[in-house]
Amino acid sequence: MAVTLKKLLEKTEYELVQGTLETEVVDIAYDSRKIKPGMLFAAIDGTVVDGHKFIPDVIEKGASVLVVEKDVEIKDRDITVVKVKNGRAALSRMSAAFFDYPAEKMISIGITGTKGKSTVTYMIRDIIEKSGKTCGIVGTIGVAINGKITPTEHTTPESYDLQKYFSDMVEAGCDYMVMEVSSQGIKMDRVAGMSFDYGVFTNLSPDHIGPNEHKDFDEYLNCKSRLFQMCRTGIVNADDEHKDEIVKNATCEIKTFGTKDADMTASKIEHVNELGNLSMKFHAEGLLEGDIIVGLPGRFNIYNGMCAACVGALLGLPRDIILHALEHVEVRGRVENVPTGRNFSVLIDFAHNGVSTESVLKTLRGYNPGRIVAIFGCGGNRSKLRRYEMGEAVGNLAELAIVTSDNPRTEDVNDIIEDIRVGLAKTKGKYVVIPDRQEAVNYAVQNAKEGDMIILLGKGHEEYQEINGVKHHYSEREAVANALAGLER
């Protein structure tokens, strides 16, 4: 497939430095290692690497077009050079044009917020698919198309990859697309130029603030809020304290959900525990009427369920299908119940900061467990504040903390554990340190008591441990299975 440069630039401001807009482009790359003859190279001055320094290399490999942010001197007059102000935004718009705007061929739903994005994404997907339609997903868990999951490096992939996934969805016959729109994805212009049919805001609390992320909370909030200048209808959590700031500059119609004064409200909230299966129940009024059961534990899943129900109602999907999908929802690594066949429970959750950890532990407390035993670590090369806060949250809310490894990356796991101890020391919580995560799970299972709820925090859906830059296979489900098998022996 070849597309003229003129077509690729139809929604981008640019300056033609040399060459012709009739140049044909066979593909686009922002990574110089992927360049082949006839391709366009987008030279981006990134946070770590400046793509302009690879220009001699891509010329040698046969690139036909260079899109640059800086003045460059190209001696080869056969190469077309275009200058833009923002290379990332240009890459997003060009990628959409290259694949013929695939997102516009589906009903698109973008979800932003600190917590709940993945859960709401899968709830909406289940509602849509149970109504007989097909829906693709992009998010933390990867890209899901017709049951096949492709892992991704970022929650919101780089724009070229994102548009390629959308194209794959259209080719697979998807009617709908639902994706997590991260604040980093917005900040890095990975969705620049896109227009969503529906934009969703779940909640907001401090996160992703630090080196290589957001400089402060204001920037984090501002990036989230920009989604509501990119969609036709916004669906917003009316109970969140930052709601007004999120929608202040919105250019779309706004619908709300919450426990009062909203387009959909929840009342008569109940925790339900049936034979170890934890769920929530509430009565809805407004956009959807009636009793709703959400097949996941925790008050926050009332909000997630309302959010998904609002989307389903606004899409015009049948009420019975919405209710059935929410009752039977399963989300990998989000308060995921692992059957043990024993008198204690094991759950897996992706919580990896203080706020989400506190939220999930308070959720379990609502079911009156014998003890909460929390297995957790913290990621390397990330804010130390997260370690202190997680340590303090677990120390305050769990009867026993088992401190272990969780993606130490290039840091020494023992240094990370020492930072977690700082938070634990502010509490009276009991803890043990077992750096090997499998051994930590073994210890919890071997010492489990009747009525215990063992929660594995931080890894969720991930299938690896990143140590010294290398991703080693690791699965929480396999770790639990190994520990249970050890009990049998």
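Structure's up top.
Per-chain numbering applies: the sequence of each chain, read as written, is numbered from 1 onward. Note on the predicted model: pLDDT of at least 70 is required for a residue's local features to be given, and 80 or more for side-chain atom pairs to be given and counted; whole-chain, interface and lining totals, by contrast, use all residues. Only hydrogens and water are removed before side-chain values are computed, so all heavy atoms of the structure are retained for them.

Novice: Hey, could you go over the overall build of the protein chain for me, with residue numbers and the actual values?
Specialist: A tally of regular secondary structure across the protein chain gives 15 helices and 26 strands. For the protein chain, the C-alpha radius of gyration of 24 Å lies close to 23 Å, the compact-globule estimate for 489 residues. Its C-alpha atoms give the protein chain principal-axis dimensions of about 75 × 50 × 40 Å. Across the 489 residues that make up the protein chain, the buried fraction comes to 56%. Intrachain contacts of the protein chain at a sequence separation of at least 6 include 65% that bridge at least 24 residues. A total of about 21000 Å² of accessible surface is found on the protein chain, and carbon and sulfur atoms cover 46% of it. Neither His nor the chain ends is counted toward charge; the positive residues are Lys and Arg and the negative residues Asp and Glu. Every charge is mapped onto a representative atom, which is NZ of Lys, CZ of Arg, CG of Asp or CD of Glu. A distance of 2 Å separates the average location of the 58 positive side-chain charges in the protein chain from that of its 72 negative side-chain charges. Strands here are runs of E lasting at least two residues and helices are runs of H or I lasting at least four, both read from the DSSP assignment and numbered beginning at the N terminus. What the globule rule says is 2.2 Å times the number of residues to the power 0.38, and the radius of gyration is computed from C-alpha atoms. Each residue is assigned to one of three classes by its accessible area relative to the maximum for its type, calculated with a 1.4 Å probe on protein chains only: buried under 20%, partly exposed between the two thresholds, exposed over 50%. By definition, residues are in contact when any of their heavy atoms lie within 4.5 Å. Shrake-Rupley sampling with a 1.4 Å probe provides the accessible areas, and residues are treated as covered by the protein chains on show and by no other component.

Novice: Explain the sheet that holds strand S11 (residues 148–150) to me, and be specific about the residues and the numbers.
Specialist: At least two bridges found by DSSP between two strands is the condition for calling them paired. If you walk across this open sheet you meet the 11 strands as S11-S10-S9-S12-S8-S13-S14-S15-S16-S17-S18, and the pairing is mixed. Both outer strands of the open sheet, S11 and strand S18 (290–294), are each paired with one neighbouring strand and no more. Pairs of neighbouring strands in the sheet enclose a mean axial angle of 20 degrees, with direction left out of account. In this sheet, strand S16 (residues 264–274) lies alongside strand S15 (residues 253–258) in parallel orientation, the contact comprising two bridges. Throughout, an axis means a line fitted to C-alpha atoms (over the contacting stretch in the case of helices), and angles, computed between N-to-C directions, take values from 0 to 180 degrees.

Novice: Pulling in residues and values, what's your account of helix H3 (residues 87–98)?
Specialist: The periodicity of an α-helix, 3.6 residues per turn, causes residues three or four places apart in sequence to face the same way. Relative to the 16 Å expected for 12 residues at 1.5 Å per residue, H3 spans 16 Å between its end C-alpha atoms, a close match to the ideal helical length. Counting buried residues along H3, 11 of its 12 residues qualify, which places the element largely inside the surrounding structure. Among the residues of H3, those classed as buried are Gly87, Arg88, Ala89, Ala90, Leu91, Ser92, Met94, Ser95, Ala96, Ala97 and Phe98. Between a side-chain oxygen at the N-terminus of H3 and the backbone nitrogen of Arg88 the separation is 3.0 Å; the capping residue is Asn86. Phi turns positive, to about 65 degrees, at Asp100, one or two residues after H3. Each residue after the first adds 1.5 Å to the expected span of a helix. Two N or O atoms count as a polar contact when they lie within 3.5 Å, although within protein this holds only if one can serve as hydrogen donor and the other as acceptor, and sequence-adjacent residues are included solely when both atoms are side-chain atoms.

Novice: How would you sum up the environment of Gly312? Please name residues and give values.
Specialist: With respect to the helices and strands, Gly312 occurs in helix H9 (residues 300–314). Linking Gly312 and Ala97, residues 215 residues apart in sequence, is a C-alpha distance of 30 Å. In this structure, Gly312 is in contact with Ile127, Leu317 and Ile322, ignoring residues within four places of it in sequence.

Novice: Break down the packing of aromatic side chains for me, with residues and values.
Specialist: Between the rings of Phe, Tyr and Trp (Trp by its six-membered ring), a pair exists once the centres lie within 6.5 Å; its type follows the angle of the planes, with under 30 degrees stacked, over 60 edge-to-face, and the other angles tilted. Scanning the entire structure with this criterion turns up three aromatic pairs. The interplanar angle of 50 degrees and the centroid separation of 5.5 Å between the aromatic rings of Phe99 and Tyr160 together place this pair among those described as tilted. Taken together, the residues Phe99 in the loop between H3 and strand S8 (107–112) and Tyr160 in helix H5 (residues 159–171) connect sequence positions 61 residues apart. The class of Tyr160 is buried, set by a relative accessible area of 12%. Ring plane angle 55 degrees and centroid distance 6.2 Å describe the contact between Phe217 and Tyr220, whose orientation is recorded as tilted. Of this pair, Phe217 and Tyr220 both sit in helix H7 (residues 217–225), separated by three residues, roughly a single helical turn. One aromatic cluster is present, built from ring pairs that chain together Phe98, Phe99 and Tyr160. For the cation-ring pair, Lys459 lies above Tyr464, with the distance from its terminal atom to the ring centre recorded as 5.0 Å. As a reminder, the over-ring test applies to NZ of lysine and CZ of arginine, requiring each to be within 6 Å of the ring centre and within 35 degrees of the ring normal.

Novice: Which residues make up the nonpolar core, and what values go with them?
Specialist: Among the nonpolar cores identified, the biggest contains 69 residues, and Ile109, Ile124 and Ile455 are the most heavily contacted of them. Of all the elements, H9 adds the most residues to this core, at eight residues. Ignoring any residue separated from it by four or fewer positions in sequence, one finds Ile124 in contact with Ile109, Ile111, Val178, Ala308 and Val311. Throughout this description, the term nonpolar core refers to a set of buried Ala, Val, Leu, Ile, Met, Phe, Trp, Tyr and Cys residues connected via side-chain atoms within 4.5 Å. Residues Met169, Met179, Met194 and Tyr220 belong to the second largest nonpolar core, which totals 30 residues.

Novice: Would you mind going over the sheet that holds strand S2 (residues 15–18) in detail, with residue names and values included?
Specialist: Spatially, S2-S7-S6-S5-S4 is the arrangement adopted by the five strands of the open sheet, whose pairing is mixed. The sheet is open, and its two borders are formed by S2 and strand S4 (28–29), each paired with just one other strand.

Novice: Pulling in residues and values, what's your account of the side chain of Thr202?
Specialist: One can find Thr202 in the loop between strand S13 (196–201) and H7. Within the structure, Thr202 has its side chain in polar contact with the backbone oxygen of Lys115 (distance 2.7 Å). Those residues in contact with Thr202, other than ones at most four positions away along the chain, are Ile111, Thr112, Gly113, Thr114, Lys115, Gly116, Val120 and Asn237.

Novice: Give me the lowdown on unusual backbone geometry, citing residues and values where you can.
Specialist: Although it is not a glycine, Tyr101 adopts a positive phi angle of roughly 50 degrees. The topology assignment puts Tyr101 in the loop between H3 and S8.

Novice: Please give an account of the pairing of strand S21 (residues 372–376) that cites residues and values.
Specialist: Taken across its five residues, S21 has five buried, putting it largely inside the fold. The side-chain alternation of S21 yields two buried faces, one formed by Ile372, Ala374 and Phe376 and the other by Val373 and Ile375. Bridge count for S21 against strand S24 (residues 453–457) is four bridges, and the pairing is parallel. Directly across from Ala374, in S24, lies its bridge partner Ile455. Pairing analysis gives four bridges linking S21 to strand S22 (residues 400–403), with the strands arranged parallel. Within S22, the residue paired with Ala374 across the bridge is Ala401.

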